[in-house]
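# Reading the structure
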Amino acid sequence: MNSVVAQFSAVVIDGTIHMRVLHARSSGESTSSLSRREFLAAGAGGAMASLMPNAAEADPVSAATQQTDARAVVDVVLTVNGRDHRTAIDSRTTLLDALREHLQLTGTKKGCDHGQCGACTVLSGGKPVLACLTLALTAQRQQITTIEGLAKAGVLHPMQQAFVDQDALQCGYCTPGQIMSAVGCVTTGHANSDAAIREYMSGNLCRCAAYPNIVAAIKQAQPQLRKDA
Ligand code: FES
Ligand code: FES
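Residues numbered from 1 in each chain as written. Chains lettered and ligands numbered in written order. Predicted model: local features only at pLDDT ≥ 70, side-chain atom pairs only at ≥ 80, totals over all residues.

### Considerations on the sheet that holds strand β3 (residues 73-80)
Here is the rule we go by: For two strands to count as paired, DSSP must find a minimum of two bridges between them. The numbering of helices and of strands both runs from the N terminus, where a helix is a DSSP run of H or I of at least 4 residues and a strand a run of E of at least 2. All axes are obtained by fitting lines to C-alpha atoms, using only the stretch in contact for helices, and the reported angles, taken between N-to-C directions, cover 0 to 180 degrees. By definition, residues are in contact whenever their C-beta atoms, placed on the basis of the backbone, come within 7 Å of each other.
The mixed open sheet is built from 5 strands, whose spatial order is β4-β3-β7-β5-β6. At either end of the open sheet lies a strand with only one pairing partner, and these are β4 (83-90) and β6 (127-130). Looking at each pair of strands side by side, their axes are set apart by 45 degrees on average, direction ignored. Relative to strand β7 (residues 143-145), strand β5 (residues 121-124) is paired through 2 bridges, and the arrangement is antiparallel. Paired with L123 across the strands is T145, a residue of β7. Together, β3 and β4 form the strand contacts of helix α4 (residues 95-102), whose direction differs from that of β4 by roughly 105 degrees. Strands in contact with helix α6 (residues 175-187) are β5 and β6; relative to β5, the strand with the most contacts, it is inclined by about 35 degrees.

### Here we look at the pairing of β5
As judged from the 4 bridges shared by β5 and β6, these two strands associate in the antiparallel manner. Its bridge partner being in β6, V122 is matched across the sheet by V129.

### Brief notes about the environment of H157
Tracing the sequence through the fold places H157 in the loop between β7 and α5 (158-165). Each C-alpha atom, one on H157 and one on I147, is 9.6 Å from the other, the two residues being 10 residues apart in sequence. In contact with H157, other than residues within four places in its own chain, are L150 and A151.

### A word on unusual backbone geometry
Test applied: Buried means a residue has 20 or more other C-beta atoms within 10 Å of its own C-beta, exposed means 12 or fewer, and partly exposed covers the counts in between; C-beta atoms are placed from the backbone.
The phi torsion at Q104 lies on the positive side, around 60 degrees, for a residue other than glycine. Here Q104 is to be found in the loop between α4 and β5. Its 9 C-beta neighbours within 10 Å are what place Q104 among the exposed residues. Positive phi, normally seen in glycine, also occurs at R141, with a value near 65 degrees. Positionally, R141 belongs in the loop between β6 and β7.

Spelled out as structure tokens, the structure:
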């Protein structure tokens with residue numbers, strides 16, 4: 001029965017050991033290399049498995065640390081709408097999932113979950129950020145504002161009121177993100193013209209195409225927001 005002789009290289013990337021077959025041949029062959037298919041059929045999986053502990057042994061601290069960190073449950077304190085929230089999360093949790101799944105603040109919407117639609121926009125330190133691209137861990141010690149934090153004492157925020165007045169929504173799914181970006185548009189000084197507003201708001205997509213009304217809402221709210229600043 002032929003046995004398999006193989007050479008491997010091993011690298012650790014993001015806590016995962018990646019094996020690469022450099023060369024493999026059966027003991028009965030003198031010169032030719034085994035094909036990938038032949039090698040796998042001969043039990044390469046078992047050979048690779050037996051080599052994995054060796055790779056970890058080469059740098060046990062590094063391998064263990066990287067694997068542990070990727071799965072770690074960590075305690076975080078998120079300051080959202082002026083209130084501290086303590087929760088335990090997987091270290092890979094996004095701010096969007098932390099808000100929705102851990103703090104039950106579901107006003108912030110998940111659209112694409114890939115940073116392309118703007119539905120998840122919240123304010124961090126007064127500036128719009130995409131919660132789906134922000135790790136919750138990195139949002140600690142930031143003042144996070146979500147759509148739930150805009151109205152005060154039962155009175156709509158001027159931007160919320162303007163969206164209602166200008167009929168700046170249809171299905172409403174994009175609206176929380178639109179409103180948070182709209183607030184940022186005004187407070188960061190990017191609402192001086194229709195073109196400037198459209199440019200600033202271009203990262204917030206609306207499938208219902210309420211764009212003209214959204215621009216109108218921002219123009220309506222701008223004087224009040226500047227007065228309140
Ligand atoms: Fe974050 Fe789409 S859900 S950008
Ligand atoms: Fe429907 Fe914007 S109001 S997606």
